[in-house]
4 protein chains.
Amino acid sequence: MDSFEKLVQMFREFPGIGPRQARRFAFFVVTRNDSFAHDLLKTLNNAKETVGECNDCKRLTDKKGGVALCKICADPTRSKKELLLIAKDTDLVQIEKSGEFKGSYFVLGGLIPLLEREPSRRIRQAHLLSLIEKRKKEGLEEIILALSATNEGENTSEYLREILKDRGLKIFELGRGLSTGSEVEYADAETLKFALKNKK
Amino acid sequence: MDSFEKLVQMFREFPGIGPRQARRFAFFVVTRNDSFAHDLLKTLNNAKETVGECNDCKRLTDKKGGVALCKICADPTRSKKELLLIAKDTDLVQIEKSGEFKGSYFVLGGLIPLLEREPSRRIRQAHLLSLIEKRKKEGLEEIILALSATNEGENTSEYLREILKDRGLKIFELGRGLSTGSEVEYADAETLKFALKNKK
Amino acid sequence: MDSFEKLVQMFREFPGIGPRQARRFAFFVVTRNDSFAHDLLKTLNNAKETVGECNDCKRLTDKKGGVALCKICADPTRSKKELLLIAKDTDLVQIEKSGEFKGSYFVLGGLIPLLEREPSRRIRQAHLLSLIEKRKKEGLEEIILALSATNEGENTSEYLREILKDRGLKIFELGRGLSTGSEVEYADAETLKFALKNKK
Amino acid sequence: MDSFEKLVQMFREFPGIGPRQARRFAFFVVTRNDSFAHDLLKTLNNAKETVGECNDCKRLTDKKGGVALCKICADPTRSKKELLLIAKDTDLVQIEKSGEFKGSYFVLGGLIPLLEREPSRRIRQAHLLSLIEKRKKEGLEEIILALSATNEGENTSEYLREILKDRGLKIFELGRGLSTGSEVEYADAETLKFALKNKK
């Protein structure tokens, strides 16, 4: 296989990329001028070298110069009373956009499928428990399970409620109900059930 | 225009029907056997004769034999403490499916667009106010505005809160948040804002 | 079941209509004023009384006053040299819109599924053969099989070619190739094969 | 901006990639093990070094070791009598899959928008004309304009017919008609017009 076809194969491994788009990517990078490829390589190397997991929340962050914490964990204006648990790094972006949360985060690293025999291996359980102990000394009062409203998300919330109980913390889940733009006539019965239970 | 084309035109007036489907309907009804057309006409006439607005909630109901109320309004096991307001008859089906609501309904008959100068003409305001007075004598305590999470729905809720205030009633709206199946990563910022505010 | 629910059930039998739209139709017809229902019934009855199969092409047509033929079959300016075979009445509308065909039609009444043991029962075979004999006396020279580019359409074309051969007629099928708006990059291999074979 | 955000920005430049997928790509490449990043960089460099335009058809090809022509242009079993013109490299893949074409290709490098004042700058016109002169000595008889059935594609075909006329070559375009899977009832009028004109 020549190097161009090998490049197509590598792009096929990218998340959500099919054969046609992989080929388009290969054409794209090969036909850019040399500075583009050079930049991409340099940026990727820089990122690989400087990016690492935040010591506290475990999300990827710039650790250049021996920095230990991400900007949010290091920010003294962010409350340490609330800890919000998310499944993966990319979930954080949307929650920050909402502007509604002023506490700190922890990235679980995954969700727990139904019937999983060893749920603790699917999430960063040991890191989570030790962060909670640390944060309790800083005033931690509540944990928000910000997981998707799917079977896996609900299963994970249930497991987390179990391992986090009896620690003197309030445990919350995201409110369920009508999402923005939903019409009553087309809402599913479970969503309406939550919308009625959670009426405001 | 011949009678077949006239039939196509009449089906075009049905909600959500384009020219192609209207033509398919016309072929469908014309090629059924005679008993189908006869049945349709008889059923439609029966429905027109027997169906009318429920005296209380204003939804369409079978009023054969001088019945004044729909099954829900006439049901003594449905609580009169909660009154749930919906925009249109078809919204009721989904809410009943949720099994979460045991009170009674009122059909507003529409939503109020932004900037409407005469909002009272868009909804059955006089009927609503007189039903509320009647229900207060039966123990009415709370009103649930079960309107779509859209601009029109929110505008209508705001107007209703205004005209229903100072009547000694609690006013609720449907809970907002993640709808069933939603993933955090793809939720819009406003929905996450509500989901965080309404955490449980 | 009350008459309204019976009406919903009848609309569910309409082609392509689900439970929600059936209910919306029932609300629609019941809440129109009386003249709408009256008009619909009258138009449907008129259509049922006056519409029948054209003696020649078998499509539904206005047969009021003992008319035997549809407008196209009765039109002396339409060529009798070409006979275009379609699967169903509604296919005719799109072909007439193209403005490209000036001959006459025959409605087969269906397509023949793969592996059908008695293909002659799926189409109006006897009517087709007798129309062809009649048209040959009027100068019929070619037959165009205007069937969908699907497995059933191709199977039907193959069967028709077999039963129509050795009658001194040219048999054509619709040209295959790129449809309007198609891009080469996204076209399937079979379509490109036809597009290359049928290059102009 | 830190190097991770810069990486996200670079992926945003990839064709068809939005902000969310760009971020997912950045997470993906940064969290792979080191050999993945190393491989990607090496493969990209190799491809950049070895890939270049085929001297004849101008598509990207492996030019390692001073090779001048792509595999198709260098293949003595591919006919030199037919030259097929495509807009871009990726169009070739689908045409080869059809197995219908055994001649050689030329990549125009673009399509000509309507009202373009300098159409010759949008395509590799000089290269095309000199390749045609070369191929005529090798027996070139026909040119196939394999362009999309869009406004731009048709405009480009029209321009090419103009500049290629009077050269003793037959000029073809891809056949137009029903694409595989199309149903007559849903075909647009123009496609049916072509399907009838190009009946077989």
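Just so it is clear, the model here is predicted, and its values are computed rather than measured.

1. Re the overall build of chain A
What chain A contains, in helices and strands, is eight helices and six strands. Along chain A, from the amino end to the carboxyl end, the secondary structure elements read α-α-α-β-β-α-β-α-β-α-β-α-β-α. Its C-alpha atoms give chain A a radius of gyration of 21 Å, more than 25% over the compact-globule value 16 Å for 200 residues. With respect to the principal axes defined by its C-alpha atoms, chain A has extents near 60 × 50 × 35 Å. Looking at chain A as a whole, 38% of its 200 residues qualify as buried. When contacts within chain A are restricted to residue pairs at least 6 apart in sequence, those whose partners lie at least 24 apart make up 47%.

2. A word on the sheet that holds strand 3 (residues 82–86) of chain C
Residue and element names in this part refer to chain C. Taken together, four strands build an open sheet; the order of strands is 4-3-5-6 and the sheet is parallel. Since the sheet does not close on itself, it has two edges, and those belong to strand 4 (104–107) and strand 6 (170–173), each with one partner. Direction aside, neighbouring strands of the sheet carry axes that sit 25° apart on average. As judged from the four bridges shared by strand 3 and strand 4, these two strands associate in the parallel manner. The partner of L85 across the bridge, within strand 4, is F106.

3. A closer look at the relation of the copies chain A and chain B
Both copies of the chain are related by a screw-like operation: a rotation about an axis and a shift along it. Its rotation angle being 180°, the transformation that places chain A on chain B also includes 0.0 Å of axial translation and leaves an RMSD of 0.1 Å. Expressed as an axis order, the relation between the two copies is that of a two-fold axis. Distance from the rotation axis, computed per C-alpha, reaches its smallest value in chain A at G177 of chain A: 2.2 Å. A share of 100% of interface residues in chain A that are also interface residues in chain B marks the association as one of identical surfaces.

4. Section: the relation of the copies chain A and chain D
After a rotation of 179° and a shift along the axis of 0.0 Å, chain A superposes on chain D with an RMSD of 0.1 Å. Most of the interface of chain A is mirrored in chain D: 100% of its interface residues are interface residues there too.

5. Quick notes on the interface of chain A and chain D
Contact with chain A, which involves 32 residues of that partner, is made by 32 residues of chain D. Contributing elements (two or more residues each) for the side of chain A that touches chain D: helix 1 (3–12), helix 2 (19–31), helix 3 (34–50), strand 2 (60–62) and helix 5 (89–98) of chain A. Among the elements that take part in the side of chain A that touches chain D, helix 3 of chain A stands out by supplying ten residues, more than any other. When grouped by side-chain class, the residues that make up the side of chain A that touches chain D number 17 nonpolar, seven polar and eight charged.

6. Observations regarding the sheet that holds strand 5 (residues 142–145) of chain B
Residue and element names in this part refer to chain B. In space, the four strands of this open sheet follow the order 4-3-5-6, with parallel pairing throughout. What marks the edges here is a single partner per strand, and that holds for strand 4 (104–107) and strand 6 (170–173). Strand-to-strand twist of the sheet, defined as the mean angle between neighbouring strand axes without regard to direction, takes the value 25°.

7. A word on the interface of chain A and chain B
Opposite the 44 residues of chain A that make contact, chain B presents 44 residues. When contributions to the side of chain A that touches chain B are tallied by element, the ones reaching two or more residues are helix 5, strand 6 (170–173) and helix 8 (189–197) of chain A. The element contributing the most residues to the side of chain A that touches chain B is helix 8 of chain A, with nine residues. Of the residues belonging to the side of chain A that touches chain B, the class tally is 17 nonpolar, 14 polar and 13 charged.

8. A word on the environment of L196 of chain D
Within the element layout of this structure, L196 of chain D appears in helix 8 (residues 189–197). Note: C-alpha distance between L196 of chain D and G110 of chain D (86 residues apart in sequence) is 30 Å. Leave out the neighbours within four places in its chain, and L196 of chain D touches S98, E100, F101 and L174 of chain C.

9. With respect to the domain arrangement of chain A
For chain A, the assigned domains read domain 1 (3–49) and domain 2 (76–173). For domain 1 of chain A versus domain 2 of chain A, the distance between C-alpha centres works out to 35 Å.

10. Description of the pairing of strand 6 (residues 170–173) of chain D
Two faces, one strand: in a regular strand the side chains alternate between the faces of the sheet. All names here are of chain D. In this structure, strand 5 (residues 142–145) lies alongside strand 6, joined through four bridges in parallel fashion. Across the sheet, the residue bridging to I144 is F172, located in strand 6. Crossover handedness for the path strand 5 to helix 7 (residues 151–164) to strand 6: right-handed.

11. Considering helix 6 (residues 125–137) of chain B
All names here are of chain B. For helix 6, which comprises 13 residues, the first-to-last C-alpha distance of 19 Å matches the rise-based estimate of 18 Å (1.5 Å per residue) to within 8%. Taken as a whole, helix 6 has its buried residues at L128, L131 and R135. Seen from one end, helix 6 has its buried residues packed into an arc of 65°, which puts them on one side. Those residues of helix 6 that are exposed and angled more than 90 degrees off the buried face are A126, S130, E133, K134 and K137. Looking at the buried side of helix 6, the elements it contacts are strand 3 (82–86) and strand 4. Following helix 6 by one or two positions, G139 adopts a phi angle in the positive range, close to 105°.

12. Looking at the arrangement of the chains
For chain A and chain C, which are not in contact, the least C-alpha distance works out to 9 Å. Taking C-alpha atoms as the reference, chain B and chain D come no closer than 9 Å and do not contact one another.

Thresholds, definitions, all that
- Residues numbered from 1 in each chain as written.
- Chains lettered and ligands numbered in written order.
- Predicted model: local features only at pLDDT ≥ 70, side-chain atom pairs only at ≥ 80, totals over all residues.
- Helix = DSSP H or I, 4+ residues; strand = E, 2+ residues; numbered from the N terminus.
- Rg over C-alpha atoms; globule rule 2.2 N^0.38 Å.
- Buried ≥ 20, exposed ≤ 12 C-beta atoms within 10 Å, placed from the backbone.
- Contact = placed C-beta atoms within 7 Å.
- Pairing = 2+ DSSP bridges.
- Axes fitted to C-alpha atoms, helices over the stretch in contact; angles between N-to-C directions.
- Least-squares fit on C-alpha atoms with pLDDT ≥ 70 in both.
- Nonpolar A, V, L, I, M, F, W, Y, C, P; charged D, E, K, R; others polar.
- Domains from an automatic or database assignment.
- Right-handed = clockwise from strand over helix to strand, strands pointing away.
- Expected span 1.5 Å × (residues − 1).
- Arc of directions from axis to C-beta.

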